[in-house]
Structures are given as structure tokens and as C-alpha cells.
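Observations on the three-dimensional arrangement
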Amino acid sequence: MQNNIYMMAEIGQAHEGSLGLAHSYIDALASSGVDAIKFQVHIAEAESSIHEPFRTDFSYNDLSRMDYWKRMEFSEEEWAGLKAHCEQKNLDFVASPFSISAVGLLESIGVSRIKIGSGEMSNLLLLSSAAKLATEMTLSSGMSSLAELDSAIAAVRGKCKLSLLQCTSSYPTGPHQWGLNVIPLLKDRFQIPIGFSDHSGDIYACLAAAATGAEILEFHVTFDQRMFGPDSTSSINIDQVKQLVKGVRQIETAMKFPVDKADSSEYAMLKTTFGKSLAVNNDLDRGHILTLYDLEAKKPAGYGVSATHFETVVGRQLQRNLPKWSFLNFSDLL
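Residues numbered from 1 in each chain as written. Predicted model: local features only at pLDDT ≥ 70, side-chain atom pairs only at ≥ 80, totals over all residues. Heavy atoms only, no water.

**A closer look at the overall build of the protein chain**
We apply this condition: Every helix listed is a DSSP run of H or I at least four residues long, and every strand listed is a run of E at least two residues long, numbered separately from the N terminus. The globule rule is 2.2 Å times the number of residues to the power 0.38, and the radius of gyration it is compared with is taken over C-alpha atoms. The cut-offs for exposure are 20% and 50% of the maximum accessible area for each residue type, with area from a 1.4 Å probe on protein chains only; residues under the lower value are buried, those over the upper are exposed, and the others partly exposed. Contact between two residues is taken to exist if any of their heavy atoms lie within 4.5 Å; hydrogens are not considered.
Helices and strands together make up the secondary structure of the protein chain, namely 11 helices and 11 strands. Its C-alpha radius of gyration of 31 Å places the protein chain more than 25% over the 20 Å reference for a compact globule of 334 residues. Projected onto its principal axes, the C-alpha positions of the protein chain cover 100 × 40 × 35 Å. For the protein chain, the residues scored as buried account for 47% of the 334 residues in total. Pairs at least 24 residues apart make up 65% of the contacts formed inside the protein chain by residues separated by at least 6 positions.

**Description of the layout of surface pockets**
Counted only if it meets this: Method remark: on a 1 Å grid restricted to protein atoms, a set of points is classed as a cavity if a 1.4 Å probe fits but cannot get out and as a pocket if it is open with protein on both sides within 12 Å along at least five of seven lines; lining residues have an atom within 4 Å of a point. Grid points are joined across faces, edges and corners, and a volume is the space filled by probe spheres set on the points. As a working rule, the residues Ala, Val, Leu, Ile, Met, Phe, Trp, Tyr, Cys and Pro are called nonpolar, Asp, Glu, Lys and Arg charged, and the rest polar, with Gly in that last group.
Here the largest pocket defines a volume of roughly 530 Å³. Along the wall of the largest pocket there are 29 residues; nearest its centre are Q40, F98, G119, M143 and Y171. Only strand 2 (36-41), helix 3 (65-71) and strand 8 (216-222) provide two or more residues apiece to the lining of the largest pocket. No other element matches helix 3, which puts three residues into the lining of the largest pocket. A class-by-class count of the residues in the lining of the largest pocket yields seven nonpolar, 12 polar and 10 charged.

**Description of helix 6 (residues 124-133)**
Three or more residues of helix 6 are buried, namely L126, L127, S129, A130, A131 and L133. Of the surrounding secondary structure, the elements contacted by the buried residues of helix 6 are strand 3 (92-97), helix 5 (100-108), strand 4 (113-116), strand 5 (136-140) and helix 7 (146-156).

**Focus on the state of the cysteines**
Counted only if it meets this: Any pair of cysteine sulfurs within 2.5 Å is marked as a disulfide.
The tally for this structure, following the rule as stated, stands at zero disulfides. Looking at C160, it has no disulfide partner, and the nearest cysteine sulfur is the one in C167, 19 Å off. Its sulfur unpaired, C167 is 11 Å from the next cysteine sulfur, which belongs to C206.

Next comes the structure, spelled out in C-alpha cells:
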């Protein structure tokens, strides 16, 4: 991964099985500032069966979940074209396989960046197969306990570069489910890059994760949240992607430049400009004994006794007349 926060826009099934729409997403995201586009590679007969239920009831034209996955398939040649299009736009092509057959397809077209979805973390057969192919593999923690994550990471550690995403498998994910506290916990436990996978349908969760220390951000995208599909309401639109990238880049800059509140020397000139010097708020005669009620503090600093030291002049006697609003210096005092 890069030194900056790695931002991965997940198209997933937002293309609805349309190759043209899939390519349109690449074109739309090319100027957004993201680092990578992620697709899901489904081969229906290898990963599913007629017994698989729908995660959410959304489809008007698929009789079964397996039919839906069938509609999401592209050929090896079509996947190669999508990968080439990403590379032409200087975007990393990242793919999530959901079967050993899908891993084989990715190997055939030269894909080396692999993301394993939350539902596959206990599928050690798939993990082991993908780890042999991947140079970089990202795992998602959405449905896994810490013990299950221990097993999954142990199965692939050392075989490729690993990273892990905090994720909550709820669509859309509410703020009470983001689990930002898990990010530092995973960093400490696994000592690998830790990121955040978002299904909230807005930019706030990723911004919060960036400020919490996430090194990778993954988020679903759509052209419009009213589009047909199971992930539309959990996605952000293309314009929001640009807002998110801008916000994340500013956050990562802020994180790289911590402010030292023990040292305020850089504000010396401003402190003089905005600082205050003591003055008198009435015409006062020689011999007058100063009280707190005779004093005012006026800008700038350096023209009279510092307002910080007002107590040192209270009770002192004037040795000359002072007109109203005159700055007060120690030389004016006996």
C-alpha cells in the first residue's frame, strides 16, 4: 500500500451486469482522486446454488440469488478489458473472487491485488488459493470474531502483503455500528495495515475512520442511490466520492503535521498584534493611587505594562499626570 490513505471505490454489482455501465463507472471515477476501483468476480455455478437465499429482497427480474449472480458475470475477455481500462486511467484494478474458479480467472488476466469479502473469511480454501495468486491481499472483518480473524490471517500470513479492514456487515450501516474503536485494536493485534470498509451510504464514516488512523478506505459507489440493486442505499454517488477524497487528503495532511502546543514561538508576531498593554480609563493626576477600576487593556502589546501583570501596578502611585486612554508603563509609577 501507499504512504497516503489508500482509497478504493467498490463498484461491486452496481453495473447490474452491464459491461457498458461497468466501463462508465471507470470513466466517471477516473477524475475523482481514488487510487483503485474494485470489482466483484462472480461465477454463479462455482459459488452458489439454487438454495442460496437473497440477502435483501430487491430484485424484480431474478428468480433466485443464483440467477442474480449469473447476471453479474462477465467473460474472461470482458474482465481483461475492464482491467485494461482501469490501468489506462491510472487506477489500480482490485478484485474480489468468490470461488476458486474466479481466482483462476483473475490469474489468467494477471490480477495481483485481491480483496476477500467478509463472508469468505472462514473459507480457508479460497483464502489459500487467493494468497498464492496475490501480491497484496486485503481481508474484511465484517462477519468475523477476533478468533476467526486470527485463524484467517494465520492461514495466509507470509504468503503475500496483507491488510485488514474493519467492517460492519449491515446495509446501510448506522453510526452506532461503524466500530471505529476496532481500528486501533486490529492494528495492535495484527501489526499489518488496517483500514475501513464502509456501507453507510454517506461520506462521514470514512472521514471519521481516516481521522481514527485507517490506512485504507473502501466504499461502495453508485451513479444514484435510487438505482436498482442491493447496495444502492449503502453507496455514495460519484460527486460524493470527490468530496470524500478531498476531505480524506486534508485529514491525512493534518495527521502528518501534529501541532506542538508546548511551543508557540511561531505566533510571536501575532501575539504582539493581538496582545494587550495596560492603559488608564480616566484622566488621572500625579499622586493617584491606582486601583483595578482605573485600568483598561488595549492593543497592541509592548506599549505599556503587559495586561498579564496588571496586579503589579494596583496600589502603585502615579508620578505624572496621565490622560484618559494613555498606555501605562512602569516609568509612570513611583
